[in-house]
Structure formats: structure tokens, C-alpha cells
Amino acid sequence: PSFGFLFDIDGVLVRGRTPIPAARAAFGKLVNPQGQFLVPVVFVTNAGNCLRQKKAEQLSHLLGVPISQDQVMMSHSPLRMFKCYHKKCVLVSGQGPLLDIAQDLGFCQPITIDTLREKRPLLDAVDHDRRPNVLFHGCSVPLPAVVLFGEPVRWETSLQLIIDVLLTSGYPGNPYGQENYPHIPVLACNMDLMWVAEAQSPRFGHGTFMVCLENIYKKITGKDLKYEALMGKPSRLTYQYAEHLIRAQALQRSWEQPIQTLYAVGDNVMTDVYGANLSPGLGWDTELAPAAAARCRSVLVCTGVYDPQSEPALPSRDSLAENVFHGHRDFSFDPALVEPDHIVPDVDAAVDLVFQLENFAP
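Conventions adopted
- Residues numbered from 1 in each chain as written.
- Predicted model: local features only at pLDDT ≥ 70, side-chain atom pairs only at ≥ 80, totals over all residues.
- Heavy atoms only, no water.
- Helix = DSSP H or I, 4+ residues; strand = E, 2+ residues; numbered from the N terminus.
- Rg over C-alpha atoms; globule rule 2.2 N^0.38 Å.
- Areas by Shrake-Rupley, 256 points an atom, 1.4 Å probe, with all protein chains shown as cover.
- Lys, Arg positive; Asp, Glu negative; His and termini not counted.
- Charge placed at Lys NZ, Arg CZ, Asp CG, Glu CD.
- Disulfide = S-S within 2.5 Å.
- Pairing = 2+ DSSP bridges.
- Contact = heavy atoms within 4.5 Å.
- Axes fitted to C-alpha atoms, helices over the stretch in contact; angles between N-to-C directions.
- Phe/Tyr/Trp six-rings, centres within 6.5 Å; stacked < 30°, edge-to-face > 60°.
- Buried < 20%, exposed > 50% of the residue type's maximum accessible area, 1.4 Å probe, protein only.

**Let's talk about the overall build of the protein**
Scanning the protein for helices and strands turns up 10 helices and 15 strands. Whereas a compact globule of 362 residues would reach a radius of gyration of roughly 21 Å, the protein reaches 21 Å, a difference of no more than 12%. Taken along its principal axes, the extent of the C-alpha atoms in the protein is 70 × 45 × 35 Å. Within the structure as shown, the protein displays about 16,400 Å² of accessible surface, and the carbon and sulfur contribution to it stands at 51%. Charge separation in the protein, taken as the distance between the mean sites of 30 positive and 38 negative side-chain charges, equals 5 Å.

Structure, rendered in C-alpha cells:
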């Protein structure tokens, strides 16, 4: 094969914990009788609340085909590249097995919001019932960077403590300093404003939490919160890393024909389509071996965030000008970037379409 698939998960293959019926049919066409994939496949999700091994096991069960962790790319996967932070004591925000995830990525000294709260209990004051009965000051914990893995559970606690860390140059509990700008580095994963689960309408995603954090910081300081890196769709970094995984699969299977086209199958124009269109000429120019540039084609399905019945037309320049751009603050809008190359009913139709376009007969 001279092509590969980048599959989104939520809204394309599953809704919450329920498989979308077309998914099993699609993956029956992508593997041979021995369960080996006929083309390179990477699952590119903006989720980040579990280890990729766990996600691979879930997908194997849901889709009925064996999937390895090397085929799974979480929103935080590119953090493996940021080795300059791995030995630092970083504050991590999100939910799930955060310490396990951070350590699996290479971080040696991650500290969670809950741990910071235990060390500095006076900082978390919104919920009166959680205020400490005995007032004391914990030890100072220098935190030179913040990593946002995904939406946390107690937003008020995470927002308060992250702001404290940013406004004290990593010494929460100290008085806020006016000179602490630019602030310490912030690395953020998953910019999705909303995502689709079992509910009838989309739910808040990590992008919504980031909107809160950015606006609180701006309201207090009058300055913009800056990101050292943004990853997860639609960032170009994410698609470059996904291309690296695709090529690694082809190499492992001894497929010598170069991968020329990647088909990104997703349900969200602001992440899946935008990101695929933002990355026309992929290829690493960092520490990974440079690869021949592949082109990326977007395939939009109608089983998730994008619903042709409630959204008869894709976002236009006029509609986006009316403050309905759901993309992240740091990504400018271009109508061409949210225009999919193809629209199909579901993932099974997407696989059929790509096989037809590539003249590929399994």
C-alpha cells in the first residue's frame, strides 16, 4: 500500500463506550484472515486520560481486531519529544492515571494538582467544605513547567492552582509577582472545545477548560497566556508524529513502497478536517528521521460532532465571523481549512471510498 489511515475514535468508531455499527464492518475490510492489517493504520485521538496500551485493549475489544499500542496515538503522545522537560518537576493537570501516563512519556518528577493541594491546602478556597480546619503552610514546591493533559474533574481547584503557579514563577503560595512575564512554560494537549459521547448534544472538552484558564489569566494580568507547545488535533505536530508512526508500521511489515497519502477520517471539522488540511506536506525536521513528505486528505463522517441534518452547511467565512469559530484561540480561521476533501455517512463508507480512490483490492 502507498497510503495509510489516521482514524479518530470518538464519533467515528464509538460513542462513549458503544461501538458505532459501521466500525466493525470497516475493520473487517482492513485486516487479513490472520488479523494483520492490510494497510498502515494509526488511531489518532484527542483523548488523554489513559495509557495507550489501555486504549489499544479497548479498541481491540470493540472492533474485534488485534490492535497494538504502537498504533494508538493519544493527544499527549508527542510529549515524548520534549525531553528537555522530562527531568524537571512539572505540574500535571487532567484525570485518570496521570502519574502513570506522565512517567510512561518520560517525565521523572510529575506532581498532580491533588498532590500540590495537599502540600498547599490554603490555596484551594472556593469549596468552603474543603477548606482545612487547621491553618498551616506546606513546604515550597518549585514547579518550572505546567503540562495540561486534559480536562480535570474539579475545575475551580485546577484553575486556581495553575494560575497560582503561573503568577509565582512556579512557587505557589508566594505572593503574586508583577514581573513574572513571560510566565513559566505551559504545554497543552487536546484543544477540543466539545466532543461527542452518549448524550444527544456535544459535551465540554479540554478546549473549554483552556478557554477558562486563558481568560482568567488575561483578566488578572492583562496579558495573554502563552503556550510552549499545543498538541492534539489540529496541531501540525500531531499529524507529523502520526506520520512517523505510519511509516514505522510500513517498515515493520517490510512494505517498501513509500507512503504517499494519509487519509484522516474524523467527525469534527474544527479538529480532524482543520488539522488534516493544515498539514499538506508532512515530514519531520526534528530529532526523528526525516521522511518523504506525504499529503493528507480529510474524510468527514456524519456519526459524531458533524451532523448534516443539524448543520446543513459547513462553517463559512460569514458564519465564523459571527463568533462561532470553535477552534483554539491560537489557530486562525481560513475557510479552506475546514472544507473536507470528502464527506461520507460513516467509517465503513470511508474505507470503501479510500480503497476505490487508491484502486486498492485487498
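**A look at the state of the cysteines**
Covalent bonding between the sulfur atoms of two cysteines is what defines a disulfide. Using the criterion set out here, one finds 0 disulfides in the structure. Cys108 forms no disulfide, and the closest cysteine sulfur to it belongs to Cys89, at a distance of 11 Å.

**With respect to the sheet that holds strand S13 (residues 261–266)**
Pairing is parallel in the open sheet, where 6 strands are placed in the order S5-S4-S1-S13-S14-S15. Bordering the open sheet on either side are strand S5 (72–73) and strand S15 (342–344), each of which pairs with just one other strand. Lying over the sheet, helix H8 (residues 269–278) contacts S13 and strand S14 (295–301), oriented at roughly 160° with respect to S14. Running at roughly 165° to strand S1 (residues 3–7), helix H10 (residues 347–357) makes contact with S1, S13, S14 and S15 of the sheet.

**Brief notes about the packing of aromatic side chains**
One pass over the structure, following the stated rule, counts 16 aromatic pairs. Taken together, a centroid distance of 5.1 Å and an interplanar angle of 50° make the contact between Phe7 and Phe27 tilted. Note that Phe7 is positioned in strand S1 and Phe27 in helix H1 (residues 21–28), a separation of 20 residues in sequence. Summarising the burial analysis for this pair, Phe7 and Phe27 share the class buried. Judged by centre distance (5.3 Å) and plane angle (85°), the ring pair of Trp155 and Phe209 falls under edge-to-face.

**A look at the sheet that holds strand S8 (residues 146–148)**
An order of S7-S6-S8-S9-S12 is seen for the 5 strands of this open sheet, with the pairing classed as parallel. Unpaired on one side and paired on the other, strand S7 (111–112) and strand S12 (229–231) mark the two borders of the sheet. Of the strand pairs in this sheet, strand S6 (residues 91–93) and S7 are connected by 2 bridges, and their pairing is parallel. In the strand pairing of S7, Leu91 is matched with Ile111.

Keep in mind these numbers describe shape, not what the thing actually does.
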